[in-house]
Structure formats: structure tokens, C-alpha cells
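Secondary and tertiary structure notes
If you want the building blocks of each chain, they are given just below.
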Amino acid sequence: MLMTPGPTFIHEDVRKAMAKEITNPDLDLNFFDYYQETCEEIKKIFHTKNDVFILNGEGILGLEAACCSLIEPGDRVLCIDNGLYGNGFANFARIYGAEVTYYKSDYRNPISAEGLEKFLQSEKDFKVATLVHCETPSGITNPIDTLCPLLKKYGILTIVDSASGVGGEEMQADKWKIDIVLSGSQKCLSAAPGLTIVSISEDAWSKIHNRSTPIQGFYCNLEIWENCYQNKSFPYTQPISDIFGLRKAVERDLSNPNILVQHKKIAKATRESLIQSGLQLYPLDGYSNTVTAICMPEGISYAELFENMLKDYNIMIGGGLEALEGKIFRIGHMGENCKEEKVYLTLKALNQVLRKYEVPLEKSIYKTFIKTSGYLLS
Ligand SMILES: *Cc1c(COP(=O)(O)O)cnc(C)c1O
């Protein structure tokens, strides 16, 4: 059982869709309609009227493509950094000539809009800001619902990495005035890794169209996608089987009107069960509804925990990255993994492994989960 914070479990219907017979996506006019309809469905998840495209590369392609297309050499770019991905965004911005300024804040807390506003009153002339919706490596969701309108008020274009947000956390791209939303296929949407989904606002298009220097790249150039379905011409051959799978995954997401409530409920029940057992969460606030990061307790190493969970229970969990390596472990409860039964089994296995290593637990993690989630009780 794959309980990592992406890639996530892929439903059989999605796998079957990927196995369908293909057509020639450049010549079969029906495929242009199919691609466009799939983008229309994605707009419903993003809550946007902006253009949406499916790019042919894993989520990182989207991060780089947004920087490549929007940023010109010398542009002041604000990189909002309270985690690994927020920090790493600056590297993509610099490749395309950005003059990067960080707005850094505590890695165990979400970004505060008040703090950012104070900063924006003294630091001026940013063209673009990069920010991360859900910091997957630390399990923190940032309040982009207030951060993005604030940045817009200061005339700054926003690029939001919502790889592990979209599908599990609320996304209101238009209401929150987000210029570019990026997400991937393999997190909350539970399709195979390999695709980026992106929305592009009119302001973002306008920045792209009014550049004084050409976009330095082809694969990362968002302009090559503009009007592709209207003109019935893709920039290159589409990975049609991946798109068949994504379409089915998007349909599955949209068929559950309670999906966000379910993410909230399961995430909360997971956290309460862990806390009541005496374990410590890594975030101090801004807990993600898609991934929970837990501090490694004393008495067991991450390598031992990972190995025992996998060997004895056939469950794969995630660990800490970079500075957090060996210090935390992570349970993904997003997309198809946002199910009481799966989280219950994961917490039960976790409970048994921690007991085996004589880690003191004040309460049984999985028994508490039955109460906090209502699983098996209803
Ligand atoms: C998963 C993820 C991505 C995609 O990157 P990979 O490291 O290739 O998985 C980008 N941003 C965030 C926040 C993610 O969680």
C-alpha cells in the first residue's frame, strides 16, 4: 500500500483508461476536443475561467516553465520561502535571470499575510512572486487565499505551486487572483506521474506577450500552448495514454462533491490520533489536509520504521528530505489514499512497529483513529 505523499495509489479505472487503444493525437480531430474537454474539467477543480493546459512532464516542468515564460533577465522576483519547495523555486527563477529576493519565514509555520504585507510596504518593484500552496516535505498549507490577493494588490504576478494542494485543499484560482496555478498528476489527483496541469491568467499572458526579450527555451515556453486546441495543432505529439488516465482521474475527483471535506476530516482525525498517543507533529500550525509530517520519536530510526512498515505490513510511507532527513516521517492521505480504511491500516501498522521498538505510546493510535474519524462506527 502506497501511503507516500505522492505518487499515490492509482485506481483501476484510471489504469484501464491508460490501457485504451490510442489514436494519432496530431491527426485525429476528436483528440483535440478530448484534450480541450479535459482542460474544461480541470478548470472546475481550479475554479477558474483562465486558460488551462496539460503539459507533458512531471510537476517540476510546470515550475520551470512558469519561470521561463514569465521572468525576464533583471526582473525582481519575490520567492516566498517557508519550506523546501518555496526555497527551491528561486533556483528556477535565477536560471532565467531573476534578481531574487526571499521572503523567508519559519519552516514550522505557515506564511503570515500580516508579516508579508509589512515586508511589501518597504520592498518594492517585484514583477513576480513564487509561492507554494502545500509544502509537502513539512506538511504545511499556506494561506494562499489571503497571500495571493495581497500580492495582486501590490501589482505582483503570482505563480503558485499547488502540486500537493489541488484536489485535496480548496483552490479558487480566480477568486484568489492567482496568475499561474501549477499542479501535477501524481498527488491528489491520483493519476500516473508525468503530467503538469497549469492555468494562465490574462495578466500572465500579457506579461508573456510584452516581453522585451524572447523566451529562452521551447519545452518550457508556455506560449507554444496558446490556442493549441482552437487551432488543432499541438506543439508536439501528446502522451495520449497519460492524458486518458488523467481524464479518468479528474472525473473521479469531480464525481465526489465531498472530496475536500473528506480530506479535512481524515487529516484532522489522523493528527488527533497521533497527538493523543504522545507523538509530535512537525508543523506547529497550518496543518496540511493532504500530508501529515510527524517528528521521529526516540527509540527507533526512520530507516527502521520505513523497513518494518514495508516488510511486515507492506505499507510504504515517506521520510524527511534534506535537513529533515531522519528527523520526521510522513503519511500521505491525499486523493485515492484519503480513505478511512487505508489510514486506519497505516496507523495500526505504525502503532505495532513503534510498540515493537518499545516507543512509549500514551494511547493506541489506531483505536483513537476509530473514534476521531468515525471509521467502523457508522
Ligand atoms: C511533488 C511536488 C512537486 C513535484 O516535484 P517532484 O519532486 O518531482 O515530486 C513540486 N512541488 C511540490 C510542492 C510537490 O509536492
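Anything mentioned here points back to the structure above.
The following paragraphs examine the structure supplied in this document. Nothing here was measured: the structure is a model prediction, and the numbers come from that model. Along each chain, residues carry numbers from 1 onward, in the same order as the chain's sequence is written. Confidence filtering applies because this is a predicted model: local features only for residues at pLDDT of at least 70, side-chain atom pairs given and counted only at 80 or more, and all residues used for totals across whole chains, interfaces and linings. The basis for the side-chain values is all heavy atoms of the structure; hydrogens and waters are excluded.

1. Examining the overall build of the protein chain
Selection criterion: Helical segments are the DSSP runs of H or I of at least four residues, strand segments are the runs of E of at least two, and each set is numbered from the N terminus. Radius of gyration here uses only the C-alpha atoms, and the compact-globule reference equals 2.2 Å multiplied by the residue count raised to the power 0.38. Any residue under 20% of the maximum accessible area for its type is buried, any over 50% is exposed, and the rest in between are partly exposed; the area is computed with a 1.4 Å probe on protein chains only. For the area figures, the Shrake-Rupley method with a 1.4 Å probe applies, and any residue is considered shielded solely by the protein chains shown. His is not counted, nor are the chain ends, whereas Lys and Arg count as positive and Asp and Glu as negative. Note on charges: their place is set at NZ of Lys, CZ of Arg, CG of Asp or CD of Glu.
The helix and strand inventory of the protein chain stands at 12 helices and 12 strands. Scaling as 2.2 N^0.38, a compact globule of 378 residues should have a C-alpha radius of gyration of about 21 Å, and the protein chain matches this with 21 Å. Along the first, second and third principal axes, the C-alpha atoms of the protein chain reach 65 × 55 × 35 Å. Each of the 378 residues in the protein chain was classed as buried or not, and the buried ones make up 57%. Total accessible area on the protein chain stands at roughly 15,600 Å², and carbon and sulfur atoms take up 51% of it. Looking at the protein chain, you have 39 positive and 48 negative side-chain charges, and the mean spots of the two groups are 6 Å apart.

2. Considerations on a positive patch on the surface
Applied cut-off: Surface patches are drawn from residues lacking salt bridges whose relative accessible area is over 30%; two like charges belong together within 9 Å, two nonpolar side chains (Val, Leu, Ile, Met, Phe, Trp, Tyr) within 5 Å. The rule for a salt bridge is simple: a side-chain nitrogen of Lys or Arg has to be within 4 Å of a carboxyl oxygen of Asp or Glu.
Residues Lys348, Arg355, Lys363, Lys367 and Lys371 make up a contiguous surface patch of positive charge. Contributing elements (two or more residues each) for the positive patch: α11 (340-356) and α12 (365-373). With respect to the helices and strands, Lys363 occurs in the loop between α11 and α12. With relative accessibility at 41%, the residue Lys363 sits in the partly exposed group.

3. Quick look at the layout of surface pockets
As a reminder of what qualifies: Site definitions follow a grid-based scheme: protein atoms alone, a 1 Å grid, a 1.4 Å probe that fits but cannot get out for cavities, and for pockets an open set with protein on both sides within 12 Å along at least five of seven lines, plus lining residues having an atom within 4 Å of a point. Grid points are joined across faces, edges and corners, and a volume is the space filled by probe spheres set on the points. Residues were grouped as follows: Ala, Val, Leu, Ile, Met, Phe, Trp, Tyr, Cys and Pro as nonpolar; Asp, Glu, Lys and Arg as charged; and all remaining residues, including Gly, as polar.
The space that makes up the largest pocket amounts to roughly 360 Å³. Thr141, Glu169, Glu170, Lys264 and Asn289 are, among the 18 residues lining the largest pocket, the residues nearest its centre. Within the residue set of the lining of the largest pocket, elements represented by two or more residues are α6 (144-153) and α9 (259-276). Here the element with the most residues in the lining of the largest pocket is α9; it accounts for 3 residues. Residues belonging to the lining of the largest pocket are distributed by class as follows: 7 nonpolar, 6 polar and 5 charged.

4. Focus on the sheet that holds strand β12 (residues 328-332)
Worth spelling out the cut-off: Two strands make a pair as long as DSSP finds a minimum of two bridges between them.
With respect to topology, 3 strands assemble into an open sheet ordered β10-β12-β11, the strand pairing being antiparallel. Either end of the sheet is taken by a strand with one partner, and the two such strands are β10 (291-295) and β11 (318-319). Alignment of β11 against β12, held across 2 bridges, turns out to be antiparallel. Pairing of Gly318 across the sheet is with Arg330, part of β12.

Purely geometric stuff here, so don't read any function into it on its own.
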